[in-house]
Amino acid sequence: MPDETIPDMPTGSDSRLQVATTPEAGPEREFTVKERSQAQLVFRRFLQHRLAMISLVVFVLIILFAYVGAAIWKYDAGTITEQNSAPPSGDHPFGTDAVGHDTLAQVMRGTQISLQISILVAIFATVVGTVWGAVAGYYRGWLDTVLMRIADLVLTLPLLAVAAVLGHQSGGSWWLIAVVIGGLYWAYVSRVARGVVLSLREKEFVEASKALGASDSRIIFRHLVPNALGAIIVNLTILVSIAILLETALSFLGFGVQPPDTSLGLLVSSAQTAIDTRPWLFYFPGIFIILIALTINFIGDGLRDAFDPQQTKVRA
Amino acid sequence: MLAFALRRLFVSVPILIVSTFVVFVMVSLSANPLTPLIARNPPPPPRTIELERIRLHLDQPILERYWHWITGVLHGDFGPSVQSTMNIGSEVFGRFGVTLRLIVLAMVVALILAVLIGVISASRQYSKFDYTATFFGFLFLSMPSFWFALVLKQVGISINTTVGDQVFYTIGSSSVVAAGGFWAQFGDVLGHLILPTISLALTSYAAWSRYQRASMLEVLNSDYVRLARAKGLPRWTVTRKHALRNALIPLTTVTALDIGSILGGAVVTETVFQWQGAGAFLLDAIKRSDVYAVEAWLLIAATFIILLNLVADLLYGLLDPRIRYA
Amino acid sequence: MTQNVSDGRGGDPVLVVEDLTVQFPTGEGVVSAVRGVNYQLRRGEVLGIVGESGSGKSVTSLAVMGLLPKTAKVSGSIRFGGKDLLKCNEKELNKVRGKGIAMVFQDPMTSLNPVYTVGDQIAEAITAHHDVRKDVAKKQAIELLDLVRIPNPKQRADEYPHQLSGGMRQRVVIAIAMANNPDVIIADEPTTALDVTVQAQILEALQAAQKETGAAMVLITHDLGVIAGQADRVHVMYAGKVVESGTVDDIFYNPRMPYTLGLLGSLPRLDVKTERLTPITGSPPATQNMPPGCPFSPRCPLSQPICDEEEPELVAGPNGQHAACHFTEQVVGKDPAELFSATSADAAAVPVAVDATATDTETNR
């Protein structure tokens, strides 16, 4: 019996599982787990993750910048000023493009659209994928086979290509693009959700409640969903960053958001010939894409650690 | 194992048929390839439009069109293109050949990077190297591939201007006028590959290296690695022979899952470096509403993804004796 | 040295552990897993170390092997073969590991590498220390498999761990431990993860391995039943310290520390007529930021105010038996039920189970 009080001595998840099933682990767990709810513990651990906290602050600032900033900034994304191709200045902190659009206003608008799309994608794909994967993993049998074959089918398609085919017809409407991307990404989520549910349903507490005669819906909603919630939330976060990269790539290729509206990807795309002459047009939207994706990735990392302290050691 | 591979391939065929059908319907319903012709000024005579309609089988119901197409593919006929001069079959394979160079090379580079960085990071957890690698991992994970490719291209151009000579090729997959013998051409192609490969590899390796680090950490803390150390084996032998060998197993699955997104990354990278590869072929076909060309592209891409997934599965079995292909 | 046990076998000790402390700094304070452990191991003897999980017994053995994570702060000394292992570098330690001191881990299901054949894994232990050809090592590996009584050793050597049962795998691990005729074998809960029916066979195999190699053995377990049949001397550990030590007979028939008595009370016995098992209530303390005083005090029926102020030293009693208790005289000659009944509210709920599963009964329930 390894002495399990050593918190900094990771014995690997396998051996931990083994430990949990031997009778000795019982009393000690009882003793070391303090009287705190799961949510409080998760919250506390997240607060301790410095990088994730900084990222959260930056991310909130970006949201404020995009929405509040756009509301109070003197120029609109569509406003054509007299100055064209002006480098950054007090009047135009991010400069202007060849037509005379204020780049700051355009980046704000682009950030709004890119954020809206990626968050909608994440929610859409998570809801559909989780239900899909959970049902497959819980009922198994032929239903599992059918559902997962369909998911496999979606997975064999190169995402960007299909999104381009569909996006071409979306007319540049931001929420249609979100539905298209989300409609392709749920398959990934369903795989993760199925894996989590498959492993959870073998756990003793599920078997115990089954033995007590609990209904399927009770098991799913009282036991499986709360326990899978951590994995689902972490996935949702990471999906936002994947989606923003996909949306910007799609808009860059010309199959995403269409002018006169704009997105960060479209801004980079229209600036690509001007990297040399008007670098501000190219770098500002690009840096915002990176900032959004980076902060979300760090937040996701912090959440993963917070939900799964075992992983804390696997963090860096 | 051969039986397993054949069975897997056999199972993939219906998936391919269904997915191509779904895409066929989607593209056919969403766009009319005749729109550019009709919109021409002065408008072409109705007879011309009718002839074009028949040439593209648009007079047939959609199911029949699909049936025509899929049976044609079996005979090597990929259907008529909107561009009457283009033979889709010969064109699309040539284009994929160009793209395959980039994908294979970038994947090899990305995998080597991922394994090296992941293993060193895990063996020296919380060291300076680990933190630096983690930072760059997250950075590249968050980097839009097209943006990074554009930056690299710009850097290449600046270096060329500074040096006053063509150090980096920034446009195309090879020089237009191919001169010299085999080796000269080989070098030319390789030269054109440098920047796109760096771009695609760096924007792809990060997720894998994070994954490799995590699985390596788990293995390093396993009981069998502890027993290997208790035998008195040198640390490096333990890492290489016992830890790495096991930590590579899950990576094969992850890599296979990511092939689709690498293909997407290749499309973007090619666009930036203006390659006439599979990416440009697809994008042009979509813009022309060229149903058969899009279909041909997706069929090849999906086949490629399925085949590589099969290779990954077989590799998994080779690496892990617990897997039996029953 | 506070101990000088004069029973057991003679001769110079092969392994001397002195004042060993192991601490793990964590985000929530420093965890003291081992707090000053001393023991000596003589040639050919079997030393049993008993304790609940968290008592520091496994950490002690990992410290001897130098296999603790880098974050661990280890002090004291571990003398083996004229060297202090705590002062050795990795290279010197590798010469000792497997050759001087070998180890058998708890869980045979996870101790073997799944991707190599068991024959290769044994042969590797040989080639790590001897410059022999691979086929020679392989031949020796087959002989070792035969020694630990694995049927068809030649064929089994080419099988992977997943093709073997848990008991068989533990035999393989024992074969690995025997491979280089070590001076010391540390067996860390070698039977805990196994079926009860297999446990006896594994203990037998261990005994055979010890005879074959002439090694001394440290047998770590939470199961007093295992100790009774195997060990010469016993150390009882609690909260990172040795709280009682002596010969098997002394510990079993004449315990001088309430915790030992409690352990015995929770063990079903055939030789003494008892109506009920007597559990020790409560759990061992968390070993971070430990309060002063005797760590067993909160669970001890004899606890007095002094017990929460001053931690008792390990003091010598008769026959070289040592115990750490302020009221050791009150323990002598007591029956576990008598002493613990006062504190055991749920004692009545545990009936005596005199069947095979009893050997596996929790010591602290």
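Bear in mind that the values here come from a model prediction, so they are computed numbers and not experimental data.

> Where do I start with the overall build of chain B in this structure?
Helix and strand counts for chain B come out as twelve helices and zero strands. If you list the helices and strands of chain B from N to C, you get α-α-α-α-α-α-α-α-α-α-α-α. With respect to the principal axes defined by its C-alpha atoms, chain B has extents near 85 × 60 × 40 Å. Of all 326 residues assigned to chain B, the portion counted as buried reaches 45%. Counting only contacts in chain B whose residues sit at least 6 apart along the sequence, the fraction spanning at least 24 positions is 73%.

> Help me understand the overall build of chain C, please; the structure alone is not making it clear to me.
Across its full length, chain C holds 13 helices and twelve strands. Residues counted as buried form 52% of the 365 residues belonging to chain C. Once local pairs closer than 6 in sequence are excluded, the contacts in chain C between residues at least 24 apart make up 69%.

> What am I meant to see in the interface of chain B and chain A here?
Residue-level contacts link 46 residues of chain B with 39 residues of chain A. When contributions to the side of chain B that touches chain A are tallied by element, the ones reaching two or more residues are α1 (2–30), α6 (128–141), α7 (145–163), α8 (182–220), α10 (235–272), α11 (278–287) and α12 (291–319) of chain B. Split by residue class, the side of chain B that touches chain A holds 30 nonpolar, 13 polar and three charged.

> Help me understand the interface of chain B and chain C in this model?
Taken together, the contact between chain B and chain C spans 19 residues of the former and 24 residues of the latter. Sorting the residues of the side of chain B that touches chain C by element identifies α9 (223–230) and α10 of chain B as the ones contributing at least two each. Class assignment of the residues belonging to the side of chain B that touches chain C gives a composition of seven nonpolar, four polar and eight charged.

> Help me out: how do you make sense of the sheet that holds strand β1 (residues 13–26) of chain C in this one?
All names here are of chain C. Reading across the sheet, the four strands line up as β2-β1-β4-β5 and stay open at both edges, with antiparallel pairing between neighbours. In the strand order of this sheet, the two ends are held by β2 (29–42) and β5 (83–84), each with one partner. As paired elements, strand β4 (residues 73–80) and β5 share two bridges and run antiparallel to each other. The residue bridging F80 from the neighbouring strand is K83, located in β5.

> I keep staring at the sheet that holds strand β3 (residues 46–50) of chain C and nothing clicks. Help me out?
Within a beta sheet, neighbouring strands are joined by backbone hydrogen bonds and run either parallel or antiparallel to one another. Residue and element names in this part refer to chain C. The strand order β6-β7-β8-β3-β9-β10-β12-β11 describes an open sheet built from eight strands, whose pairing is mixed. Whereas interior strands pair on both sides, the edge strands pair on one side only; in this sheet they are β6 (101–104) and β11 (315–316). Inspection of the sheet shows β11 paired to strand β12 (residues 322–323) by two bridges, in the antiparallel sense. Across the sheet, residue A316 finds its bridge partner in β12, namely H322.

> Honestly, the UniProt feature "domain: ABC transporter" (unreviewed entry) in chain C in this entry has me stumped. Any pointers?
Per the UniProt annotation, the sites labelled "domain: ABC transporter" (unreviewed entry) are residues 15–264 of chain C. Annotated as residues 15–264 of chain C, this span is 40% helix and 28% strand, and its ends, taken at the C-alpha atoms, are 28 Å apart.

> How should the UniProt feature "transmembrane region" (unreviewed entry) in chain B be read in this particular structure?
With numbering aligned to this structure, UniProt lists the feature "transmembrane region" (unreviewed entry) at residues 12–31, 102–123, 135–155, 190–208, 247–268 and 296–319 of chain B. Secondary structure content for residues 12–31 of chain B is 95% helix and 0% strand, and the end C-alpha separation is 29 Å.

> How do you make sense of the pairing of β3(C) when you look at a structure like this?
Consecutive side chains along a regular strand alternate between the two faces of the sheet. Residue and element names in this part refer to chain C. Counting buried residues along β3, five of its five residues qualify, which places the element largely inside the surrounding structure. With five bridges joining them, β3 and strand β8 (residues 216–221) adopt parallel strand pairing. If you follow V46 over to β8, its bridge partner there is M217. For β3 and strand β9 (residues 233–238), the ladder comprises four bridges, and the chain directions are parallel. In the sheet register, G48 faces β9, and the bridge partner there is V234.

> Whenever I open this one, the nonpolar core confuses me. Can you help?
Grouped together as the largest cluster of nonpolar side chains are 273 residues, with contacts concentrated most on A:V121, A:A163 and B:W297. No other element matches helix α10 (residues 216–253) of chain A, which puts 17 residues into this core.

> It is not clear to me how the confidence of the model for chain B should be interpreted in this structure. Could you clarify?
When pLDDT is low, close inspection of the predicted coordinates is not appropriate. Across chain B, the average pLDDT comes to 86, with 98% of residues at 70 or higher. The least confident element of chain B, judged by mean pLDDT, is helix α2 (residues 35–38) of chain B at 75; the most confident is α9(B) at 93.

> When you look at helix α11 (residues 264–271) of chain A in this model, what are you seeing that I'm missing?
Side chains three or four residues apart in an α-helix point the same way, a direct result of the helix having 3.6 residues per turn. In terms of burial, α11(A) is a largely internal element, eight of the eight residues being buried. Turning to α11(A), its buried residues number three or more, namely A:L264, A:G265, A:L266, A:L267, A:V268, A:S269, A:S270 and A:A271. Each element contacted by the buried residues of α11(A) is listed here: α5 (103–139), α10 and α12 (279–307) of chain A together with α7 of chain B.

> Got a minute to help me understand the pairing of β4(C) in this structure?
One ladder, built from seven bridges, connects β1(C) with β4(C); its direction is antiparallel. Looking at the pairing, C:E18 lines up with C:S77 of β4(C).

How each quantity is defined
- Residues numbered from 1 in each chain as written.
- Chains lettered and ligands numbered in written order.
- Predicted model: local features only at pLDDT ≥ 70, side-chain atom pairs only at ≥ 80, totals over all residues.
- Helix = DSSP H or I, 4+ residues; strand = E, 2+ residues; numbered from the N terminus.
- Buried ≥ 20, exposed ≤ 12 C-beta atoms within 10 Å, placed from the backbone.
- Contact = placed C-beta atoms within 7 Å.
- Nonpolar A, V, L, I, M, F, W, Y, C, P; charged D, E, K, R; others polar.
- Pairing = 2+ DSSP bridges.
- UniProt positions renumbered as here; feature names shortened; annotations may be inferred.
- Core = buried A, V, L, I, M, F, W, Y, C linked by C-beta atoms within 7 Å.
- pLDDT = per-residue confidence, 0-100.

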